[in-house]
Protein chains: 2
Amino acid sequence: MLSYRIGILGGGQLGLMLLQAAVDWNLDIHVLDPDAEAPCKQIAPHFRQGSLQDFDTVYDFGKDLDVITIEIEKVNVDALEKLEKEGKKIYPQPSVIRKIQDKRIQKQFYLDNNLPTSDFILTENREEVSNHISFLPAFHKLGKDGYDGRGVQRIASAEDIPKAFDQPGLLEKAVDFDKELAVLVARNSAGETATFPTVEMVFHPELNLVEYLFAPAEINAQVNAKAQEIAVKTAEAFQIVGLLAVELFLTKDGEVLINEVAPRPHNSGHHTIRANATSQYEQHWRAILGLPLGSTQAYGPSAMVNLLGEDGFQGPAVYEGMEKLLAQEQVFPFLYWKKQTKPFRKMGHITIMDNSLSALKEKVEFVKNNIRVISTESKH
Amino acid sequence: MLSYRIGILGGGQLGLMLLQAAVDWNLDIHVLDPDAEAPCKQIAPHFRQGSLQDFDTVYDFGKDLDVITIEIEKVNVDALEKLEKEGKKIYPQPSVIRKIQDKRIQKQFYLDNNLPTSDFILTENREEVSNHISFLPAFHKLGKDGYDGRGVQRIASAEDIPKAFDQPGLLEKAVDFDKELAVLVARNSAGETATFPTVEMVFHPELNLVEYLFAPAEINAQVNAKAQEIAVKTAEAFQIVGLLAVELFLTKDGEVLINEVAPRPHNSGHHTIRANATSQYEQHWRAILGLPLGSTQAYGPSAMVNLLGEDGFQGPAVYEGMEKLLAQEQVFPFLYWKKQTKPFRKMGHITIMDNSLSALKEKVEFVKNNIRVISTESKH
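Per chain, residues are indexed from 1 in the order of the written sequence. Following the order in which they are written, the chains are lettered starting with A and the ligands numbered starting with 1. Thresholds applied to this predicted model are a pLDDT of at least 70 for local features of residues and 80 or more for the giving and counting of side-chain atom pairs; totals over whole chains, interfaces and linings are not thresholded and use all residues. Water and hydrogen atoms were dropped before computing side-chain values, which therefore reflect all heavy atoms in the structure.

This part covers the nonpolar core. Nonpolar core, defined: a set of buried Ala, Val, Leu, Ile, Met, Phe, Trp, Tyr and Cys residues in which side-chain atoms within 4.5 Å join the residues together. In this scheme, a residue with accessible area under 20% of its type's maximum is buried, one over 50% is exposed, and one in between is partly exposed, where area comes from a 1.4 Å probe on protein chains only. The biggest cluster of nonpolar side chains holds 94 residues, and the ones touching the most others in it are Ile29, Trp285, Ile350 and Ile352 of chain A together with Ile29, Trp285 and Ile352 of chain B. Here, two residues are considered to be in contact whenever any of their heavy atoms come within 4.5 Å of each other. Once residues lying within four places of it in the same chain are set aside, the contact partners of Ile352 of chain B are Pro301, Ser302, Ala303, Val305, Gln330, Val331, Leu360, Lys363, Val364 and Val367 of chain B.

With that settled, the discussion passes to the packing of aromatic side chains. Residue and element names in this part refer to chain A. Two aromatic rings, drawn from Phe, Tyr or Trp (for Trp, its six-membered ring), form a pair once their centres lie within 6.5 Å of each other, and the interplanar angle then sorts them: stacked below 30 degrees, edge-to-face above 60, tilted otherwise. Enumeration according to the criterion identifies 13 aromatic pairs over all chains in this entry. With a centroid separation of 6.2 Å and 10° between ring planes, the pair formed by Phe55 and Tyr59 is classed as stacked. Of the two residues, Phe55 and Tyr59 both sit in helix H2 (residues 55–62), four residues apart, roughly one turn of that helix. Ring geometry for Phe177 versus Phe249: centroids 5.0 Å apart, planes at 20°, classification stacked. With Phe177 in strand E10 (residues 177–187) and Phe249 in strand E14 (residues 242–251), the pair connects residues that are 72 residues apart, well separated along the chain. According to the relative accessible area criterion, Phe249 is buried, its value standing at 8%. Numbering of helices and strands runs from the N terminus; a helix is a DSSP stretch of H or I covering at least four residues, while a strand is a stretch of E covering at least two.

As a further point, take the relation of the copies chain A and chain B. The copies were overlaid by least squares, fitting only the C-alpha atoms of residues that reach a pLDDT of 70 or more in each copy. For these two chains of identical sequence, chain A goes onto chain B by a turn of 180° and a shift of 0.0 Å along the axis, with RMSD 0.0 Å. Expressed as a symmetry operation, the mapping of one chain copy onto the other fits a two-fold axis. Using C-alpha coordinates, one finds that chain A approaches the rotation axis most closely at Ile43 of chain A, a distance of 2.3 Å. Of the residues that chain A buries at the interface, 100% are likewise interface residues in chain B, meaning the two copies contact each other through the same surface.

All names here are of chain A. UniProt positions are given in the numbering used here, feature names are shortened, and annotations may be inferred rather than shown by experiment. Here the UniProt-annotated "binding site: ATP" (unreviewed entry) positions come out as Lys103, Lys141, Glu172, Lys173, Ala174, Val175, Glu180, Asn259 and Glu260. Relative to the assigned elements, Lys141 resides in strand E7 (residues 138–142). Given a relative accessible area of 6%, Lys141 falls into the buried group. Ignoring anything within four residues of it in the chain, the contact list for Lys141 reads Lys103, Gly151, Val152, Phe165, Gly169, Leu170, Glu172, Asn259 and Glu260. Among the structural elements, Val175 can be located in the loop between strand E9 (169–173) and E10. With sequence-adjacent residues up to four places away left out, Val175 is seen in contact with Ser118, Phe249, Thr251 and Leu257.

Definitions used for this entry: grid spacing 1 Å over protein atoms alone; cavity, a set of points where a 1.4 Å probe fits but cannot get out; pocket, an open set with protein on both sides within 12 Å along at least 5 of 7 lines; lining residue, one with an atom within 4 Å of a point. Grid points are joined across faces, edges and corners, and a volume is the space filled by probe spheres set on the points. Scanning all chains against the criterion turns up nine cavities of 30 Å³ or more. In this structure, the largest cavity occupies an estimated 560 Å³ of space. Counting only elements with at least two residues in the lining of the largest cavity, the list comes to helix H1 (13–22), helix H8 (272–275), helix H9 (280–288) and strand E18 (331–335) of chain A together with helix H1 (13–22), helix H8 (272–275) and helix H9 (280–288) of chain B. Three residue categories are used. Nonpolar comprises Ala, Val, Leu, Ile, Met, Phe, Trp, Tyr, Cys and Pro, charged comprises Asp, Glu, Lys and Arg, and polar comprises the others, including Gly. The residue inventory of the lining of the largest cavity, partitioned by class, reads 16 nonpolar, eight polar and six charged.

Across the boundary between the two partners, chain A contributes 41 residues, which contact 41 residues of chain B. Here chain A packs against chain B, burying approximately 3,600 Å² in sum over the two surfaces, 56% of which is carbon and sulfur. The term salt bridge refers to a side-chain nitrogen of Lys or Arg lying within 4 Å of a carboxyl oxygen of Asp or Glu. Among the salt bridges present, the one from Arg274 of chain A reaches Asp24 of chain B, with a minimum N-O distance of 3.2 Å. Throughout this description, a polar contact denotes any pair of N or O atoms lying within 3.5 Å of each other; where both atoms belong to protein, one of them has to be capable of donating a hydrogen while the other can accept it, and for residues adjacent in sequence the pair is counted only when both atoms sit in side chains. There are 23 residue pairs in polar contact (both at pLDDT 80 or more) connecting chain A and chain B. Taken together, the elements giving at least two residues each to the side of chain A that touches chain B come down to H1, H9, helix H10 (322–326) and E18 of chain A. Looking at the side of chain A that touches chain B, the element that brings in the most residues is E18 of chain A, giving five residues. Once two parts are put together, the accessible area they lose, assessed with a 1.4 Å probe and summed over both, is termed the buried area.

Residue and element names in this part refer to chain B. Here, axes are lines fitted to C-alpha atoms. For helices the fit covers the stretch in contact, and angles between N-to-C directions go from 0 to 180 degrees. In the contact formed by helix H4 (residues 94–101) and helix H5 (residues 103–112), the axes pass within 5 Å of each other and the chain directions differ by 105°. Relative to H5, H4 is oriented roughly perpendicular. Judged by residue contacts, Arg98, Lys99, Ile100 and Gln101 of H4 engage Lys103, Ile105, Gln106 and Phe109 from H5. Each angle receives one of four descriptions, namely roughly parallel if under 35 degrees, roughly antiparallel if over 145, roughly perpendicular if within 65 to 115, and oblique otherwise.

All names here are of chain A. Running from N to C, H1 and H9 cross one another at 75°; their axes reach a closest spacing of 8 Å. Judged by the angle between their axes, H1 and H9 are roughly perpendicular. Residue-level inspection shows Leu14, Met17, Leu18, Ala21 and Ala22 of H1 in contact with H9, the latter providing Tyr281, Glu282, His284 and Trp285. Tallied by class, the residues present in the contact of H1 with H9 amount to seven nonpolar, one polar and one charged.

Residue and element names in this part refer to chain A. Note that Gln228 resides in helix H7 (residues 221–238). A polar atom in the side chain of Gln228 sits 2.5 Å from the side chain of Thr195. Polar contacts involving the side chain of Gln228 include one to the main-chain carbonyl oxygen of Phe196, which spans 3.0 Å.

Structure representation (structure tokens):
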């Protein structure tokens, strides 16, 4: 297993945490990222600067490697398909990436596979959105390239139509949900699957970003079983090899619906580095290298707070309050090796462990009030 | 804290695990090691090949850094003292390294500080050893440069005198011990200390090397309190800043005696990466960077098996049985990025977690019987 030459498309924080987990097995990893100062740069055994979306760059990067994976979906899938045809192991498979890259195909896939998801209508442009006033309130989502809150607009009524995208997208019925959940599932090439405990995500009131999450989710056993089952079924429907993060809505009626999925390590699993026997990152390696999956057992309740660049600051990052956090019992900051901060940029995360959900939530408040990523330079 | 330029003298497995722990805080680390293929090479942000014992090399390496630490004691302390005088933070302090480098001074230090240790006699050469027949059975230890079982000879009777070293050393009364224990203690610059749970080490019957260890040790509360107290007192006596590994004998009379210490992360603490809230590696960073120490709480009983190069093989390393280990619940192999194996070389370790000591010991047996580091080439 050690002699594989492995590539990761993308050198951001997910790649960084994949590299950290790979140290245990001395994996020979090559990273491709367009940014010469990407988070992975400092510790990648091999780092190459280049576009993830350019056919030749991706093909050239992959042609001398044995196994290639991704930490971001926005990559040139044509090049990956060619590499796959030439015998490289590409996990997740290009066919899976292609389906998930386009939210329109992704949604249709759930429908075709009897996987529960909210109602939707495909739209080609803004005008088409205006033909579906009776479907509102809904979210208009760009088919491709949405990320971290970009590419999603809430269309409450006809008045909001100008906010809709004038590109291929989908109009998704607004779900009257009680909670947002996520289940990480890994599937290896032998078809073995393993899920992590269900997490509950609390979103930032304005940004479409997870503010914090905790595990296990505060849900009853029946809902939990449903969430776990849907995650496994989804992974099996895709026949994915690797990790799949399945984001779910728990509706006020107790229904569990798929919101969207990501075929890679995910923001909803950072806490597993500290809190679980096997982290999502190690699990991803196990899955794509054809190894037995690891135990996902949690050592206790945990929470994860995303550390975002403070609004109003843009420039070299300064982390205020790190020492206060480190003085707290079982509060573990993780920074993403990003030199520059900007408003709401994901700069790191903080994992918290404690014995109860109430104790976790107190620490979440402490963390939110005591750390800031600012800069000596302001935004304007 | 992030802007420090940090150096590690030594790029072996302890350095590798220090680097892995440093990823969370994006520490800017420079590594010096004489071996161009040292374990740290692949993931160190900066790596320099050079002697650890040459004054100019060490001074030159350190002169543009802010904080310097070690992962091996055999370094040029004169250069570190000069750097310390010039205002660099050198942790552990050169004065501590100097005392510990020489087992003769180390032993005398315990005596001077009322720290319990076995009786000993300083010897200048082999002839002096032969003057102390009545002191036998004893161990003859080289004052300097002993490491991983080298530099220690058992002298049971006059017949063994030819095995004694003809260099400055010490004759140490053989302790009739029941168990060998170790306590890792960290001390930061504020004088705060924190200990890890006491571990029990089981030595290889022939090699003077830990075969496996487990934590917590199987000892009563009184012995445990004594071991923990001695470790803290020893760290305070040295006034060390950083980690101190304190190896102890538990005698058949229930006495706890210091065997020897190491001023750095240690083989007896590898399991803390998986089993404890804060690993020994993160704790070392916290201690030397003037940060609050982390919780050493264990998430459950654990064991650690050293993975040694199989006797009879020397050459490019091949790991047999990795997959079998990974298929076991909570069995975590960690490899040291060493391309070449040789008989009994430390090639990695395996951490095991389970709910009981008996379950751990079963897994230890499984691990010992199912993994081998061999080579396509034989020893001769």
